Amino acid sequence: MRTLTEIRQMPQTHKLLYRMKTETNPAKLICIALWATMAIVTWSCSKVEEIPVELQPPLPYQHTALKEITEIITQEEEISIFREVYSRSGVKEYMDSVRATTADTLTPFTLFIPRDAAWQAMGYNVESISNLSAEACRELIMYLTVRGRYVPTNTSDPVSGTNTLRPIIPARRYELQDSWGSIQVSHQPYLLYLAWGGGNIYLNGKEAGTVGNDIHPATDGAVYLINTLPIKPRKTVYEILQEDESFSFYLTALNISNQVYQEFQVGIDPENRSEELFWTTPEPFINDLPQLSSFTPMFGTITTGNLNMNNMYTVFAPDNQAFIRAGFPDIASIADYIRSSYVTTTGYMEDMRRRPRYTNMDSVLNHSFFAGTTTISHFPVFVMSRQSTNVNNQLVFTNDMVWNSVFRNEGIRRSVSLTFYDWTFFDENLYDFSQYVEERSELKLLFRPEGNRITIQRGDAPDGRAAHVVLEQSDVVAMNGVIHRIDNLLWPNP
């Protein structure tokens, strides 16, 4: 038997069991039996699986069955001109042949089908297309056909970005002769730029339809019914700018800056070492104009998903009126301004050892060129590298400036790196430079939608002079980029 003190110190549950154990009252024995029975039932229930309830037949889900591309083309209205051109293009036979040689007989293709009104706006009608050759029909339709299914995954997104697509049209072939006299073959693909934003479809920057009504997924791809007729580009950025007289001030300003760099040997030290070194003769500093004017296509075969956009430019080109508005009424005034640059002064030539410096005009116009990566290298004098840090493998269209949150919040950022080899410190014995200079900076262009206009400003001068994108004359697609016309020079001051 336990003492009274021991019993008082026991936990309540132990006290109950102790009392039941020590007392022989029949009622209490019944309580013990009931308690044990409940424990056994609880344990046994935990081992029993529930009997599943029989489910009722599933509710019918109403949806529209997908059609094949051919069926959509046959049944849709207002595409009679497309149907005629398509039937003579051989594109259907091309798609069938691709599918016949793959394991998947439904290899997807995406077709962009302009409505009749879009063809008519470009000067085509039912009568005129009958005079088109089969080759012309094939070129028109192949530029509007892309292998793969391209549809937005979430139509509620404010923007899905600009997708760089390669149509099935063959790339443009170039034969280039290098400095050794060898012929090298390169290819420049024709590209198509697709975006979805604000419920709209954009092709090459132009609003082409609505996401909800004009995109039709198919069993073998997708069909877009569009309100524009994109035509493959035939000229480079430089050729387009050169042929448009309204950009003559712009190209002349770039050219005069290059002349100044040549005349004042910018990038070559005061001793003007002109002898051959490292099997090369030093050349003065230059700007981006030579890269545009001597366009070099991509080497090798370029496929969708592996596009090299480094030689593709987004150009914000000020027209002649922009120069006039900034106080330059003619070419002479532009030349006078550039030739008063710091790089032409005695102080620069003596104190800076002719380290590369921009002219006052180039320091403004540098904000007009953007690309994935561009390099101006005149070894062994300097290497200038510019890289867009937040624009990868795409051109920038007006729809990007309006809808894309990255461009709205950050603009376009372009890092600039300059490595300058100071010829004054060349070691004849080591055949190397004992001193060189590395400089880094950043260019940034900011976008701000204002009603029906897009305002752009320099990132280093957000309160400086603003320019506006001339929407009606922008999104001009070239072989190597896109051109936007702007109405002012991007001065750092208001």
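Residues numbered from 1 in each chain as written. Predicted model: local features only at pLDDT ≥ 70, side-chain atom pairs only at ≥ 80, totals over all residues. Heavy atoms only, no water.

**Q** I tried to follow the overall build of the protein on my own but got confused; where do I start?
**A** Looking only at helices and strands, the protein features 19 helices and 23 strands. Here the protein holds 494 residues, and the buried ones make up 46% of them. Of the contacts formed within the protein by residues at least 6 apart in sequence, a portion of 70% connects residues at least 24 apart. (Helix = DSSP H or I, 4+ residues; strand = E, 2+ residues; numbered from the N terminus. Buried < 20%, exposed > 50% of the residue type's maximum accessible area, 1.4 Å probe, protein only. Contact = heavy atoms within 4.5 Å.)

**Q** Any chance you could explain the sheet that holds strand β9 (residues 215-218) here in plain terms?
**A** Note on sheets: strands pair through backbone hydrogen bonds, and any given pair is parallel or antiparallel. Strand order in the open sheet formed by 4 strands is β2-β1-β10-β9, with mixed pairing between adjacent strands. Taken across any chain shown, the strands that pair with only one partner, and hence form the sheet edges, are β2 (145-147) and β9. If you compare each strand with its neighbour and ignore which way they point, the axes differ by 15° on average. Sheet analysis places strand β1 (residues 109-114) next to β2, joined by 3 bridges and oriented antiparallel. Across the sheet, residue Phe109 finds its bridge partner in β2, namely Arg147. (Pairing = 2+ DSSP bridges. Axes fitted to C-alpha atoms, helices over the stretch in contact; angles between N-to-C directions.)

**Q** Would you take a moment to explain the sheet that holds strand β22 (residues 476-478) for this structure?
**A** On the basis of which strands lie adjacent, the open sheet formed by 4 strands has the order β13-β12-β23-β22 and mixed pairing. Two strands in the sheet have a free side with no partner beyond their single neighbour: β13 (369-371) and β22. Going from strand to strand, the sheet's axes swing by 20° on average, the running direction of each strand aside. Sheet topology places strand β12 (residues 313-318) next to strand β23 (residues 481-486); 6 bridges connect them, and they run parallel. Residue Phe316 lies in a different strand from β23, and its bridge partner there is His484.

**Q** It is not clear to me how empty space enclosed by the protein should be interpreted in this structure. Could you clarify?
**A** Taken as a whole, this structure holds 4 cavities of 30 Å³ or more when the rule is applied. Here the largest cavity is characterised by a volume of approximately 90 Å³. Every residue lining the largest cavity is counted, 13 residues in all, and those nearest its centre are Phe370, Ala371, Gly372, Val391 and Gln394. Considered class by class, the residues forming the lining of the largest cavity number 8 nonpolar, 5 polar and no charged. (1 Å grid on protein atoms, 1.4 Å probe; cavity = no way out; pocket = protein on both sides within 12 Å on 5 of 7 lines; lining within 4 Å. Points joined across faces, edges and corners; volume = space filled by probe spheres on them. Nonpolar A, V, L, I, M, F, W, Y, C, P; charged D, E, K, R; others polar.)

**Q** In this structure, what is going on with the packing of aromatic side chains? I would like to understand it.
**A** Scanning all chains against the criterion turns up 17 aromatic pairs. Centroid distance Phe316 to Phe370: 6.4 Å. Interplanar angle 85°. Geometry classified as edge-to-face. Placement of Phe316 in strand β12 and of Phe370 in strand β13 is noted, with a sequence separation of 54 residues between them. Assessed through its relative accessible area of 0%, Phe316 is described here as buried. Residue classification places Phe370 among the buried positions, given a relative accessible area of 3%. Measuring from ring centre to ring centre gives 5.6 Å for Tyr342 and Tyr348, while their planes differ by 70°; the resulting arrangement is edge-to-face. Joined through ring pairs, the aromatic side chains of Tyr261, Phe285, Tyr358 and Phe382 make up one cluster. (Phe/Tyr/Trp six-rings, centres within 6.5 Å; stacked < 30°, edge-to-face > 60°.)

**Q** Help me out: how do you make sense of the packing of helix α5 (residues 80-89) against helix α9 (residues 134-142) in this one?
**A** A pair of packed helices can be characterised by two numbers: the angle between their axes and the separation between those axes. Close contact between α5 and α9 brings their axes to 8 Å; oriented N to C, the two are set at 110°. Considering the angle they form, α5 stands roughly perpendicular to α9. The handedness of the crossing between α5 and α9 is left-handed. In this structure, α5 uses Phe82, Val85, Tyr86, Arg88 and Ser89 to contact α9, whose residues at the interface are Ala134, Cys137, Arg138, Leu140 and Ile141. Partitioning the contact of α5 with α9 into residue classes produces 7 nonpolar, 1 polar and 2 charged. (Parallel < 35°, antiparallel > 145°, perpendicular 65-115°, else oblique. Left-handed = near helix turned anticlockwise from the far one by under 90°.)

**Q** Sorry, what's going on with the side chain of Ser417 here?
**A** Here Ser417 is to be found in strand β16 (residues 412-421). Its relative accessible area of 17% is what places Ser417 among the buried residues. Of note is the side chain of Ser417, whose polar atom sits 3.5 Å from the side chain of Arg440. Among all residues touching Ser417, those that are not within four sequence positions of it are Val383, Met384, Ser385, Glu439 and Arg440. (Polar contact = N/O pair within 3.5 Å; in protein donor to acceptor, adjacent residues only side chain to side chain.)

**Q** Please explain the pattern of salt bridges as it appears in this structure.
**A** Pairing of side chains with opposite charge becomes possible as their charged atoms draw close. This structure, assessed with the given rule, holds 17 salt bridges. When the shortest N-O distance is used, the salt bridge between Arg138 and Glu135 registers 2.7 Å. Remark: Glu135 and Arg138 occur in helix α9; sequence separation between them is 3 residues, near one turn of the helix. Since its relative accessible area comes to 27%, Arg138 is described here as partly exposed. With a shortest N-O distance of 3.7 Å, Arg413 and Glu442 are connected by a salt bridge. (Salt bridge = Lys/Arg side-chain N within 4 Å of Asp/Glu carboxyl O.)

**Q** What should I look at first to understand unusual backbone geometry in this one?
**A** Excluding glycine, residues mostly have negative phi values, and the peptide bonds linking residues are mostly trans. The residue Glu78 is not glycine, and still its phi comes out positive at about 65°. By secondary structure assignment, the location of Glu78 is in the loop between α4 (69-75) and α5. Here the phi dihedral of Asp475 falls at roughly 55°; this positive angle occurs in a residue that is not glycine. With a relative accessible area of 7%, Asp475 lands in the buried category.

**Q** Teacher, can you tell me more about the nonpolar core here?
**A** In this structure, Tyr250 and Phe323 are the most contacted members of the largest nonpolar core, which totals 52 residues. Counting residues per element, this core draws most heavily on helix α12 (residues 248-263), which supplies 8 residues. Setting aside chain neighbours within four positions, we find Phe323 in contact with Phe249, Tyr250, Ala253, Pro318, Phe328, Ile334, Met361, Leu365 and Leu489. One finds Phe82, Val91, Met95 and Leu229 within the second-largest nonpolar core, a separate group that totals 46 residues. (Core = buried A, V, L, I, M, F, W, Y, C linked by side-chain atoms within 4.5 Å.)

**Q** Looking at this structure, I do not really get α12. What am I missing?
**A** Residues three or four positions apart in an α-helix share a direction because the helix packs 3.6 residues into each turn. For α12, spanning 16 residues, the distance from its first C-alpha to its last is 22 Å, which sits close to the expected 22 Å at 1.5 Å a residue. Restricting attention to buried positions, one finds in α12 the residues Phe249, Tyr250, Leu251, Ala253, Leu254, Ile256, Ser257, Asn258, Val260 and Tyr261. Taken from the residues just after α12, Gln265 is the one with a positive phi, measuring 50°. (Expected span 1.5 Å × (residues − 1).)

Geometric values such as these leave the question of function open.
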